[in-house]
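The chain contents come next:
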There are 2 protein chains.
Amino acid sequence: MNADYGAPTELAGPLQQRRALYQPRLPPCLQGATVRVEYGDATATIDPTGAHAVAQAFPRTYGQRLVTFLTPDGAAGAGKAVDERPPIRVGVVFSGRQSPGGHNVVWGLHDALKAYNPQSILYGFIGGTEGLFANKTLEITDDVLASYKNQGGFDLLGRSIDQIRSSKQVSAAMTTCQDLNLDGLVIVGGVTSNSDAAQLAETLVQKNCKTKVVGVPVSLNGDLKNQFVETTVGFDTVCKVNSQLISNVCLDAISAGKYYYFVRLMGRKASHVALECALQSHPNMLIMGEEVALSKLTLMEVINKICDGVQARAELGKHHGVLLIPEGLIESIPEMYALIQEISNLHNNNVPVTEIPTQLSPWAAALFQFLPPFIRRELLLHQESDNSAQLSQIDTEQLLAHLVEAEMIKRTKEGRYKGKKFSSVCHFFGYQARGSLPSNFDCDYAYVLGHISLHMIAAGLTGYMATVANLKDPVHKWRCAAAPLTAMMSVRRHLRGPGAIPIGKPAIHPSPIDLKGKAYE
Amino acid sequence: MNADYGAPTELAGPLQQRRALYQPRLPPCLQGATVRVEYGDATATIDPTGAHAVAQAFPRTYGQRLVTFLTPDGAAGAGKAVDERPPIRVGVVFSGRQSPGGHNVVWGLHDALKAYNPQSILYGFIGGTEGLFANKTLEITDDVLASYKNQGGFDLLGRSIDQIRSSKQVSAAMTTCQDLNLDGLVIVGGVTSNSDAAQLAETLVQKNCKTKVVGVPVSLNGDLKNQFVETTVGFDTVCKVNSQLISNVCLDAISAGKYYYFVRLMGRKASHVALECALQSHPNMLIMGEEVALSKLTLMEVINKICDGVQARAELGKHHGVLLIPEGLIESIPEMYALIQEISNLHNNNVPVTEIPTQLSPWAAALFQFLPPFIRRELLLHQESDNSAQLSQIDTEQLLAHLVEAEMIKRTKEGRYKGKKFSSVCHFFGYQARGSLPSNFDCDYAYVLGHISLHMIAAGLTGYMATVANLKDPVHKWRCAAAPLTAMMSVRRHLRGPGAIPIGKPAIHPSPIDLKGKAYE
């Protein structure tokens, strides 16, 4: 195991070595030496009521036009020959949780950059955003890339605090861009990172810094979804790997016939990963945060729902089953959400952790005391880069298993349940999936996005996200484009999760599952 | 998900369907319609000092000869033509934890049985040993097998208490054998199940019951190993799947650079799975139960060993890592083992769980109180079919992570540690691996063992285990044989783990890793 980021490493095993041989595919428009850049309509925002606020917050980067990248039509559109183009200097940073395919964004960016002009230089920032602030770079070369092609993880560069938000952080980033004389900065991440990217782009324009800021949608959560973005890099792989593990657990459940498996799935607030995995692996029950939130189910209502299911199966002689639980579920339960929010606010007011329980509102304190100790401790844990509770550290599956067991014992004593004793086994599937080898789809998608990023910078676009449409079609039909980050923003008038972004501040928000949408049907 | 054992099911997905197409290979001696049975030397036991005790305990089945199965040499050795052979009636039962490949034992047994005489009948006992006692059977046919070929899990038949030990259980098993007029009973499992198989075989001979009892070595633990048995079905798959998951976690650890992952591996008392996984996935540290036991390390010595490693890595600027922990480690720590043994004895004396803590010896009580509540609760849990603590239910990885964190905080306060705050993430890899699709090796090995079982019964062998030698060679070089179960027995004079088998009673014991052996080097 090697912790020196970017140091050429031996690939772990034959599987990894074989994976490295895969050559990602490119759509026709990216196969030539040049692309044709076509400008479309000016954009507003996906949130009309928020348009004014967004326009005010982003005076220089709001309302930019959509851009699509096309195959040049004949010599006319061919643009400058390679040797006439100036070399280009680009930096790339990993921000946000590692997702399978992230390395291929860097690979694609590097290949496009060298094709654009072999003299061009690509810097990777070591240790994520902290490396960006401190100007710690690694020059990306073929040698460096050799052992990271089509590999999982973010270990080529690593990641850290995943924030470019405070004015201190923003100006540190700007200084680095100036010191390296960068033409472009590519920020790889999800909703939070891309909101930060938009803010940085706006600031750099205002300060006449030439560096163009480009966002790339990479996130295992699948919650960065809108009219411009069909899915994020990593989601496909993570769902496939988790589904395989869940299928194994289902087999195990049937074989022993005596356990209920509570499987919590990484994926943040929205239930995209859990829903997709349920579709692929057919567990017995999926508890979707969006449903719970919609019907405002209390914690005990959720518990009773599960217990009724256990009881119904027992009457069929089945004393086993598999439940899927999105890691964000806990925030979707109204009173739990309110509790987490109170804790979060106390955190933000720098109340010491030990003091927090004493400063909760009476009813929140009551709920807090009702919860088992291990959950209390976890709720007080430090928080994510977006200031939301650190969901991956809250053992929601153990909380539910604990309460379901208590309820089943109660029902047994009351004679309402006559089946065998309820026993559970808890799992959290996340880390083992997000580190896995990327699927062909994610390898291709990430590699293509890397190429698009270069062309965006070459075209002088800033405050844009690299996007691909028609992803359900074969690669040769993919449509490559760039969409203004501001066009994906909305303004929250009420908090939806412990304030990822303060009320009223425009941002790209996680999109929950649309319970009326196709995917859900 | 389908809980009706043996009901033909749709295969879960394309992967499963594709896997079902694999045709396991057979060595030459099993490819014809007949085999040549060759008898070798009479056997003693692998434990000379225990030979007398074993001989006394198994008067009718001790000292039987080794048997090998060879390709018939010409018409002479061809034996009876198929149509002269009487149909044969066989039952098969899953005993012990499900391991990838178990289904192929049934498949191989079925194919050999029908090739022997198409009128032959194979019964599977539904719900494991409980099904055997209650004579709940499913006739195994091509249709039934269709959706279980090369599939993981034991869901074709299921499993239950995994014991044929008490005289009540033994006589229930015998009654079933007589009611079904079975020529043979095939018991699929690990050390415990095969010890029980030997006992049942001896009893049936003594009671003049014609049913031959045959054991098949299937166990993910890899601890059923001796001069006759090279490895068990499932071990290969479980190690490969776990190693892939561990590699993913390693990548994740390097990427984020902020967590220590404590990964506990299913595999019972011995560390075979953990050692093999360490060889395949290169974690930062492996804590082998056998080493801890050999050097008699106390719990705090183990903790300090880990903390020293964490500290040394911090001085290199590394604040992440991956540790592998065998689930049996907890029993290898002398004082923990003694505590578990006291609890186990109180269990066996039917002391109610709530009373146990009050009846511990003073020092055991002190240790018990020192442990975090979640571990205390788990130590009091009910026990395995072999009366040992239910290791899979004890969160050893969380115990270690908990104590390591406390120690690192202590070292920080004392100024001995100056690195970043220690944080951990805990995993238990077991269920998701043991339910997975079997590797080609396990598919072949299990299918071959199924064939051998039939030929053993046809040859009238009882109290034997089906074995294959030269497993490291290609299948065509495999040597098929049968070894007397009594020859694998030894007599424990002091308890090695909370009394799987009472002191002095001959049994097949789990073989620990030989710290001087090749595998370990």
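Residues numbered from 1 in each chain as written. Chains lettered and ligands numbered in written order. Predicted model: local features only at pLDDT ≥ 70, side-chain atom pairs only at ≥ 80, totals over all residues. Heavy atoms only, no water.

- An unreviewed UniProt entry lists chain A under the name Pyrophosphate--fructose 6-phosphate 1-phosphotransferase subunit alpha, from Triticum turgidum subsp. durum.
- The Function (unreviewed entry) field of the UniProt record for chain A holds the comment "Regulatory subunit of pyrophosphate--fructose 6-phosphate 1-phosphotransferase." (UniProt positions renumbered as here; feature names shortened; annotations may be inferred.)

### Section: the environment of Lys477 of chain A
Residues and elements named next belong to chain A.
Okay, so step 1: Tracing the chain through its elements places Lys477 in the loop between β12 (464-469) and β13 (479-484).
Okay, so step 2: Classification of Lys477 by relative accessible area gives partly exposed; the value is 47%.
Okay, so step 3: Lys477 sits 450 residues away from Pro27 along the chain, and the two C-alpha atoms are 6.7 Å apart. (Helix = DSSP H or I, 4+ residues; strand = E, 2+ residues; numbered from the N terminus. Buried < 20%, exposed > 50% of the residue type's maximum accessible area, 1.4 Å probe, protein only.)

### Re the interface of chain A and chain B
Accessible area lost when the parts come together is the quantity often used to give the size of an interface.
Okay, so step 1: On the side of chain B, 48 residues touch chain A, which itself brings 48 residues to the contact.
Okay, so step 2: Buried area between chain A and chain B, both sides added, is near 3800 Å², and the carbon and sulfur share of it is 54%.
Okay, so step 3: Counting the contacts that link chain A with chain B gives 2 salt bridges.
Okay, so step 4: We note a salt bridge from Arg434 of chain A to Asp252 of chain B, for which the minimum N-O separation is 2.5 Å.
Okay, so step 5: Joining chain A to chain B, the criterion identifies 12 residue pairs in polar contact (both at pLDDT 80 or more).
Okay, so step 6: Residue assignment for the side of chain A that touches chain B shows that the elements contributing at least two residues are α1 (14-20), α8 (235-256), β10 (321-326), β11 (424-429) and α17 (431-434) of chain A.
Okay, so step 7: In terms of residue count, α8 of chain A provides more of the side of chain A that touches chain B than any other element does, 11 residues in total.
Okay, so step 8: The residue inventory of the side of chain A that touches chain B, partitioned by class, reads 19 nonpolar, 21 polar and 8 charged. (Contact = heavy atoms within 4.5 Å. Buried area = accessible area lost by both parts, 1.4 Å probe. Salt bridge = Lys/Arg side-chain N within 4 Å of Asp/Glu carboxyl O. Polar contact = N/O pair within 3.5 Å; in protein donor to acceptor, adjacent residues only side chain to side chain. Nonpolar A, V, L, I, M, F, W, Y, C, P; charged D, E, K, R; others polar.)

### Observations regarding helix α7 (residues 167-179) of chain B
All names here are of chain B.
Okay, so step 1: Taking 1.5 Å as the rise per residue, α7 with 13 residues should run 18 Å; its terminal C-alpha atoms sit 18 Å apart, in good agreement.
Okay, so step 2: Regarding α7, the residues found buried are Gln169, Val170, Ala173, Met174, Thr176 and Cys177. Each buried residue of α7 sits inside an arc of 160 degrees when the element is viewed along its axis, so together they form one side. Away from the buried face of α7 by more than 90 degrees, exposed residues Ser167, Lys168 and Asp179 are located.
Okay, so step 3: Where the residues of α7 are buried, they touch β4 (121-125), α5 (129-134), β6 (184-189) and α8 (191-206).
Okay, so step 4: A positive phi of about 50 degrees marks Asn181, the residue just after α7. (Expected span 1.5 Å × (residues − 1). Arc of directions from axis to C-beta.)

### A closer look at the sheet that holds strand β7 (residues 212-217) of chain A
All names here are of chain A.
Okay, so step 1: Across the sheet, which stays open at both edges, the 9 strands sit in the order β1-β2-β13-β12-β7-β6-β3-β4-β5 with mixed pairing between neighbours. Pairing within the sheet leaves two strands with one partner each, and these edge strands are β1 (36-42) and β5 (137-139). Strand after strand, the sheet turns through a mean of 25 degrees between neighbouring axes, direction not considered.
Okay, so step 2: Strand direction decides the pairing type here: strand β3 (residues 89-94) and strand β6 (residues 184-189), joined by 5 bridges, are parallel. Following the sheet pairing, Phe94 is matched in β6 by Val188. (Pairing = 2+ DSSP bridges. Axes fitted to C-alpha atoms, helices over the stretch in contact; angles between N-to-C directions.)

### Looking at the packing of α8 of chain A against helix α9 (residues 272-281) of chain A
Residues and elements named next belong to chain A.
Okay, so step 1: Between α8 and α9, the shortest axis-to-axis distance is 8 Å and the interhelical angle comes to 50 degrees. It follows that α8 is oblique to α9 by the angle criterion. By crossing handedness, the relation of α8 to α9 is classed as right-handed. Each of Phe235, Val238, Cys239, Lys240, Asn242, Ser243, Ile246, Ser247 and Cys250 in α8 lies in contact with α9, whose residues at this interface are His272, Val273, Glu276, Cys277, Gln280 and Ser281.
Okay, so step 2: Split by residue class, the contact of α8 with α9 holds 7 nonpolar, 6 polar and 2 charged. (Parallel < 35°, antiparallel > 145°, perpendicular 65-115°, else oblique. Left-handed = near helix turned anticlockwise from the far one by under 90°.)

### Describing the relation of the copies chain A and chain B
Okay, so step 1: Between chain A and chain B, which share one sequence, the superposing operator has a rotation angle of 180 degrees and an axial displacement of 0.1 Å; the RMSD is 0.0 Å. Both copies are brought into coincidence by an operation consistent with a two-fold rotation axis. Among all residues of chain A, the one whose C-alpha sits closest to the rotation axis is His427 of chain A, at a distance of 4.1 Å.
Okay, so step 2: Here 100% of the contact residues of chain A are again contact residues in chain B; the copies associate through an equivalent surface. (Least-squares fit on C-alpha atoms with pLDDT ≥ 70 in both.)

### Observations concerning the pattern of salt bridges
Okay, so step 1: Per the stated rule, a full pass over the model turns up 34 salt bridges over all chains.
Okay, so step 2: Between Glu407 of chain B and Arg411 of chain B there is a salt bridge; the shortest N-O distance is 2.9 Å. A residue pair is termed a helical-turn pair when its members lie 3 or 4 positions apart in one helix, as Glu407 of chain B and Arg411 of chain B do in helix α17 (residues 396-413) at 4 residues.
Okay, so step 3: By relative accessible area, Glu407 of chain B is classed as buried at 7%.
Okay, so step 4: Arg411 of chain B gets classed as buried once you look at its relative accessible area, which sits at 4%.
Okay, so step 5: For Lys410 of chain B, the salt bridge is made with Glu414 of chain B, and the minimal N-O distance between the two is 3.6 Å.
Okay, so step 6: On the accessibility criterion, Glu414 of chain B (44% relative accessible area) is partly exposed.
Okay, so step 7: Taken together, the salt bridges that share partners define one network made up of Asp308, Glu407, Lys410, Arg411, Glu414 and Arg416 of chain A.

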